[in-house]
Amino acid sequence: MAVITQSAYQTLTEQTAKELVRKLGLFDQNEELNVREIGDGNLNYVFQITNPSTNKRIIVKQALPYAKVVGESWPLTVKRATIEANALKIFKSYNPKLVPEVYYSDEQLAVTVMEDLSHLTIARTGLIKGESYPLLSKHIGEYLAKTLFFTSDFYLHPTKKKELAKQFVNPELCKITEDLVFTDPFFDRETNDFEERLSEDVQQLWEDDELKLEVAKLKKAFLTEQEALLHGDLHTGSIFAGSLETKIIDPEFAFYGPMGFDTGQYFGNLIFQAITRNGEKRAEILTSLKEFWETFEIHFTELWNCSDTDPYRHTHGYLQSVLNKIFQDTLGFAGCELIRRTIGLAHVKDLDGIQDESKRIQCKKMTLSVGKMLIKNREEHGDQQSVLKSLNHLLDQATR
Ligand code: SR1
Ligand code: MG
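Computed from a prediction, not measured in an experiment: that's the story for all the values here. (Residues numbered from 1 in each chain as written. Chains lettered and ligands numbered in written order. Predicted model: local features only at pLDDT ≥ 70, side-chain atom pairs only at ≥ 80, totals over all residues. Heavy atoms only, no water.)

Asker: How would you summarise the site of ligand 1 if you had to cite specific residues and measurements?
Answerer: Close to ligand 1 lie Asn42, Leu43, Val69, Trp74, Ile176, Leu180, Asp233, His235, Phe253, Arg340, Arg341 and Ala346, which account for all nearby residues. Note that an oxygen atom of ligand 1 is positioned 2.6 Å from one of the side-chain N or O atoms of aspartate 233. Note that an oxygen atom of ligand 1 is positioned 2.8 Å from one of the side-chain N or O atoms of arginine 340. Looking at the shell around ligand 1, the elements with two or more residues in it are helix 6 (171-180) and helix 11 (318-343). Along the lines of polarity and charge, the residues of the shell around ligand 1 split into seven nonpolar, two polar and three charged. There are two domains that each give the shell around ligand 1 at least three residues, and those are domain 1 (14-115) and domain 2 (121-398). (Near = heavy atom within 4 Å. Polar contact = N/O pair within 3.5 Å; in protein donor to acceptor, adjacent residues only side chain to side chain. Helix = DSSP H or I, 4+ residues; strand = E, 2+ residues; numbered from the N terminus. Nonpolar A, V, L, I, M, F, W, Y, C, P; charged D, E, K, R; others polar. Domains from an automatic or database assignment.)

Rendered as structure tokens:
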């Protein structure tokens with residue numbers, strides 16, 4: 001039930017954000033509070049509310065009725081706030097330590113009030129600075145094995161699964177991904193954004209029919225396969241990291257889709273770091289990629305072996321074929337992520353933050369090559385060792 005009676009959507013201000021947390025009883029009426037708008041994503045306002053004397057902090061997040069990255073000319077449903085709050089609750093139920101707590105959500109105001117995580121760092125920001133997060137990939141591997149398995153037909157009753165899938169129909173946010181990840185970067189579209197020095201590489205990509213056929217198949221999988229409840233936007237900017245702790249945030253793109261989309265977005269975003277680093281720091285990322293998939297496989301297999309929902313569970317070869325499919329999808333979706341973050345609308349700081357122009361262009365050419373390799377060869381790579389070998393080989397050649 002709504003704590004605040006609100007007939008229509010209104011954009012929060014620092015003042016109304018403060019009033020809200022007081023009304024919710026999260027702070028006393030007489031507590032002195034500081035407010036800062038700290039949202040650095042593409043879509044929402046994020047207010048951090050602090051009592052400076054006790055250091056207690058709370059986050060109030062509000063979905064804006066448009067995409068902040070473009071402006072008011074791109075209207076966007078605020079229903080995504082409810083999707084996000086509900087997804088956070090479901091994901092937390094499977095991974096209590098890896099997802100923040102939601103204290104309150106209001107559908108009308110598109111507001112979610114939740115745990116503050118400012119003792120941690122956004123993984124992308126930390127990784128760009130060269131920080132090491134030895135547990136990050138193990139945590140993400142475990143988180144994904146659990147969320148994907150427990151929300152799939154391998155675990156849920158088919159009726160329950162279909163009800164959940166209905167609750168998470170998210171057409172507007174999916175359309176953003178369909179356009180910005182799977183379509184625009186592969187055609188000459190206005191939303192694309194790339195340096196003049198990449199024009200030749202981009203032209204080649206647009207003329208590569210073999211690549212486009214494979215991207216079309218991946219887009220079809222994204223549009224039609226309802227395998228599990230996905231986070232839907234699991235890049236390193238949607239993860240808070242510390243040396244011991246990891247928290248997955250921002251599932252406003254959540255919907256029922258192919259499992260390999262979430263694993264692929266994480267995999268692809270780590271590859272940006274493998275490309276921009278050298279020597280031992282690069283090796284750290286390659287180890288992290290290896291740990292990610294190994295952990296995912298171990299947990300997924302364990303859950304598979306314990307569950308008794310699916311009568312085909314012990315059929316020889318079935319689990320392996322499911323894991324192979326997720327792995328191939330992971331590579332393909334990772335490839336799309338690498339390409340779209342290089343030449344599409346929404347870029348990443350891993351690349352755009354490189355000040356030296358020649359180095360930046362060289363890295364971007366590499367993300368395009370690795371992206372194409374992953375998409376085209378995804379079915380030939382039988383296991384992760386062979387992918388990491390190809391990746392290493394490509395990167396070594398470029399560094400020489
Ligand atoms: C208009 S939104 C652009 C991108 O930001 C989000 O985080 C998603 O990745 C989306 O593609
Ligand atoms: Mg986001």
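Picking up after the structure, the text goes on.
Asker: Please set out the pairing of strand 7 (residues 111-115) residue by residue, giving values where relevant.
Answerer: When you tally the buried positions in strand 7, you get four out of five residues, the bulk of the element. The sheet contact formed by strand 6 (residues 102-106) and strand 7 spans four bridges and is antiparallel. Of the residues in strand 7, the one forming a bridge with valine 102 is methionine 114. Counting the residues that bridge the hairpin from strand 6 to strand 7 gives four residues, and of these alanine 110 lies at a positive phi of roughly 55°. (Buried < 20%, exposed > 50% of the residue type's maximum accessible area, 1.4 Å probe, protein only. Pairing = 2+ DSSP bridges.)

Asker: Could you give me a rundown of the nonpolar core, with the residues and numbers involved?
Answerer: Membership of the largest hydrophobic core comes to 96 residues, with the highest contact counts inside it found for Leu136, Ile140, Ile271, Phe296, Phe300, Val370 and Leu374. Sort the elements by how many residues they give to this core and helix 11 lands first, with twelve residues. Two domains each provide a minimum of three residues to this core, namely domain 1 (14-115) and domain 2 (121-398). Here valine 370 is in contact with Ile271, Ile275, Leu338, Leu391 and Leu394, once residues within four sequence places are set aside. (Core = buried A, V, L, I, M, F, W, Y, C linked by side-chain atoms within 4.5 Å. Contact = heavy atoms within 4.5 Å.)

Asker: Lay out the domain arrangement of the chain with the relevant residues and their values.
Answerer: With domains assigned, the chain is organised as domain 1 (14-115) and domain 2 (121-398). Relative placement of domain 1 and domain 2: their C-alpha centres are 27 Å apart. Contact residues are listed per partner, giving 25 residues for domain 1 and 30 residues for domain 2. Summing both partners gives a buried area of about 2,300 Å² for domain 1 against domain 2, and 68% of it is carried by carbon and sulfur. Summed over the three residues of domain 1 that lose the most area to domain 2, namely Phe91, Tyr94 and Leu98, the buried surface amounts to 30% of that side. A salt bridge links arginine 80 to glutamate 252; the nearest nitrogen and oxygen atoms lie 3.2 Å apart. At the boundary of domain 1 with domain 2, the tally comes to six residue pairs in polar contact (both at pLDDT 80 or more). (Buried area = accessible area lost by both parts, 1.4 Å probe. Salt bridge = Lys/Arg side-chain N within 4 Å of Asp/Glu carboxyl O.)

Asker: Can you tell me about the sheet that holds strand 3 (residues 57-63), naming the residues and giving the values?
Answerer: Read from one edge to the other, the open sheet built from five strands follows the order 1-2-3-7-6, with strand pairing classed as antiparallel. At either margin of the open sheet sits one strand with a lone partner, and together these are strand 1 (34-37) and strand 6. Averaged over all pairs of adjacent strands, the angle between strand axes in this sheet comes to 20°, irrespective of strand direction. Across the sheet, helix 1 (residues 14-23) is in contact with strand 1, strand 2 (44-50), strand 3, strand 6 and strand 7; its angle to strand 2 comes to roughly 60°. (Axes fitted to C-alpha atoms, helices over the stretch in contact; angles between N-to-C directions.)

Asker: Describe the side chain of aspartate 116, naming the residues involved and giving the relevant values.
Answerer: Secondary-structure assignment places aspartate 116 in the loop between strand 7 and strand 8 (121-122). Notably, aspartate 116 is buried but unbridged: the nearest opposite-charge side chain belongs to arginine 57, and the N-O separation is 4.6 Å. There is a polar contact of 2.9 Å between the side chain of aspartate 116 and the side chain of glutamine 48. If we skip the residues at most four places from it in the chain, aspartate 116 touches Gln48, Arg57, Ile58 and Ile59. (Lys, Arg positive; Asp, Glu negative; His and termini not counted.)

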